[in-house]
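Secondary and tertiary structure notes
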Amino acid sequence: MKKHYDVIVIGGGTAGSAAAIACAMAGARTLIVERNSYLGGSASGGQVTPMMHIGIDGNYGDSYLNEVIKKKMAGEGNAADDQYGNDGWINPEMLKFTLEELYTEHGGEILYLTELIDTVVEENNIKGILVHNKSGLTLITAEVFIDCTGDADAAYLAGVPCFVGDEKEHNNQAMSLRFMLGNVDIERLKAFLKDIGEEDILKYPLVEIASVWEQDTPLCRLFRKGLKEHRIEYEDGMYIQAFAVPGMPGVMSFNCPEIPDIYNTLDSAEISCALVTGRKMIKRLYRFLQEFLPGFEKSFLVSVAEMPGIRESRRIKGLYVLSEEDYERRAKFDDAIARTAYPIDIHGLLDEKQLGIKAMERGEYFEVPYRCIVTEKLENLLVAGRCLSSTFTAQSSVRIQPTCRALGEAAGIAAAYCVKNGRKVNELDGRIVRDFMASPDYSSLL
Ligand SMILES: Cc1cc2nc3c(=O)[nH]c(=O)nc-3n(C[C@H](O)[C@H](O)[C@H](O)COP(=O)(O)OP(=O)(O)OC[C@H]3O[C@@H](n4cnc5c(N)ncnc54)[C@H](O)[C@@H]3O)c2cc1C
């Protein structure tokens, strides 16, 4: 049966779930089309935890829905904060429940296990999207569409000009395949880190371990031993990072391995190779940790992330292209919908120092304008999340979850407002969205 919605959100990840919750709270008849069987995207299915902090004291600039989600998760014992003010330590499995509850309790509808196949565009408007699932091919229509696929799939299919990767070679950031180990003795691990003189900056039960070949830390020396004794291979130790997970005692989530030589994160053959390589790397790392790192002796593999860890792929060319110059001049905009001091963080290619970009000092930040989530061509499409309109370098700062969530929330507010007032999203004055985000009153949009 053909259905018509006020708003369809394509992709229910970090940005998409915020966009959809905002729409539903504003009373818009909303549908999420999601190819996974849960919400949360990379944060849940990709096991990306903790949320990085926007780096502004007192979470100044954190979006309303980010606070709502974190509060609900903390209230149910599924989140924690560290002593540095980051309250974004979340349990990725329980995030699926939290997002689904917040959305459905406001009447939102979801089509899981459903993939966007194509868009139907007429006179600068998306009339409908063609989706595929167990029921076959279906056309679903709406007044406004929000593309939160991370890859700007809907925008691309609808003919919006897009950027891919870095501006010179069009290479994407390095991919990772995250995994979780259980039954880690965290107290024993912390005691060992102390013994070997490794920095351990987090209070129990939180812990983080990190190592890269370039830094001669005690932990790196342990990985070098493993390399020398042929337990791991060079690429396995290129980038090691793992965190404790709130609400999962004894579990550590690994932000690695980083997969070498994968440069096109839109190519399914390359992604498949990355998954095969990644699983081999995980097996070696896991065995190595059991043998070499006290605390991991009795650990077991809980799971490998269902979603490949893709940090960057396709980005739209919107009304404004956020750039590293904006980062450098700490740009502020009248139509700002997010702000952050998170550094330029390009995995596998270049970092801030190599690029000669001055890191943010305390109190400094830059902003993302509303114009980065709308396009010149389409009057009823918003694009939020890591595929916003930005350069490769600027994206590496704004791709973190709190920013993606703020962009999603802004898109949801704009969509609901435009449906109610019969406006075009790419002609909307972004200051309306900015003002709403500063003092959100969702009932005013009903
Ligand atoms: C390995 C890795 C480590 C990271 N580390 C951190 C970190 O420590 N802290 C932090 O804050 N951020 C981190 N990030 C960044 C952050 O997690 C992501 O940038 C952010 O989650 C992206 O959110 P999104 O909503 O744009 O995309 P996603 O969360 O990826 O959501 C996209 C959604 O769209 C769906 N989808 C895609 N295509 C289609 C389609 N055609 N049809 C239907 N559905 C579709 C997907 O299934 C998914 O649910 C990391 C990212 C990666 C990959």
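Everything below is about the structure shown above.
Let us look at the structure shown here. Note that the structure is a prediction, hence the values are computed from the model and not measured.

1. Topic: the sheet that holds strand β10 (residues 179-182)
Pairing within the open sheet is antiparallel, and its 5 strands lie in the order β11-β12-β13-β10-β14. Only two strands of the sheet have a single neighbouring strand rather than two, namely β11 (208-211) and β14 (300-304). On average, each strand axis in the sheet is inclined to that of its neighbour by 20°, with strand direction left out of account. Two elements, strand β12 (residues 240-244) and strand β13 (residues 252-254), share 3 bridges in a ladder whose sense is antiparallel. Across the sheet, the residue bridging to alanine 244 is methionine 252, located in β13. Against the sheet, helix α6 (residues 218-228) touches β11 and β12, its axis set at about 60° to β11.

2. Focus: the nonpolar core
Counting 75 residues, the largest nonpolar core has Ile146, Tyr370, Leu382, Val433 and Tyr442 as the members making the most contacts within it. Here tyrosine 370 is in contact with Asp335, Ile337, Leu382, Ala414, Val425, Leu428, Gly430 and Val433, once residues within four sequence places are set aside. Membership of the second largest hydrophobic core comes to 37 residues, among which are Ala242, Ala274, Phe288 and Ile310.

3. A few points about the state of the cysteines
Using the criterion set out here, one finds 0 disulfides in the structure. Cysteine cysteine 23 is unpaired, with the sulfur of cysteine 148 as its nearest cysteine sulfur at 9.2 Å. Looking at cysteine 220, it has no disulfide partner, and the nearest cysteine sulfur is the one in cysteine 256, 13 Å off.

4. A short note on the layout of surface pockets
Taken as a whole, the second largest pocket encloses approximately 280 Å³ of empty space. Along the walls of the second largest pocket sit 14 residues, with Gly61, Arg339, Arg434, Met437 and Ala438 positioned nearest its centre. Among the elements of the structure, β16 (336-340) and α12 (430-438) are those that each provide at least two residues to the lining of the second largest pocket. Looking at the lining of the second largest pocket element by element, the count peaks at 4 residues for β16. Residue classes in the lining of the second largest pocket are distributed as 7 nonpolar, 2 polar and 5 charged.

5. Quick word on unusual backbone geometry
Note on backbone geometry: most residues besides glycine have negative phi, and most peptide bonds are trans. In this chain, threonine 49 is followed by proline 50 through a cis amide linkage whose omega measures 0°. In this structure, proline 50 sits in the loop between β2 (30-33) and α2 (64-75). Note that the residue after tyrosine 204, namely proline 205, is joined by a cis bond; omega there is 5°. Of note, proline 205 is situated in the loop between α5 (186-195) and β11. A positive phi angle is found at leucine 113, which is not glycine, with a value near 50°. Positioned with a positive phi, alanine 152 is a non-glycine residue whose angle comes to about 55°. You can see alanine 152 is positioned in the loop between β8 (136-147) and α4 (153-157).

Quick notes on the rules
Residues numbered from 1 in each chain as written. Predicted model: local features only at pLDDT ≥ 70, side-chain atom pairs only at ≥ 80, totals over all residues. Heavy atoms only, no water. Pairing = 2+ DSSP bridges. Helix = DSSP H or I, 4+ residues; strand = E, 2+ residues; numbered from the N terminus. Axes fitted to C-alpha atoms, helices over the stretch in contact; angles between N-to-C directions. Contact = heavy atoms within 4.5 Å. Core = buried A, V, L, I, M, F, W, Y, C linked by side-chain atoms within 4.5 Å. Buried < 20%, exposed > 50% of the residue type's maximum accessible area, 1.4 Å probe, protein only. Disulfide = S-S within 2.5 Å. 1 Å grid on protein atoms, 1.4 Å probe; cavity = no way out; pocket = protein on both sides within 12 Å on 5 of 7 lines; lining within 4 Å. Points joined across faces, edges and corners; volume = space filled by probe spheres on them. Nonpolar A, V, L, I, M, F, W, Y, C, P; charged D, E, K, R; others polar.

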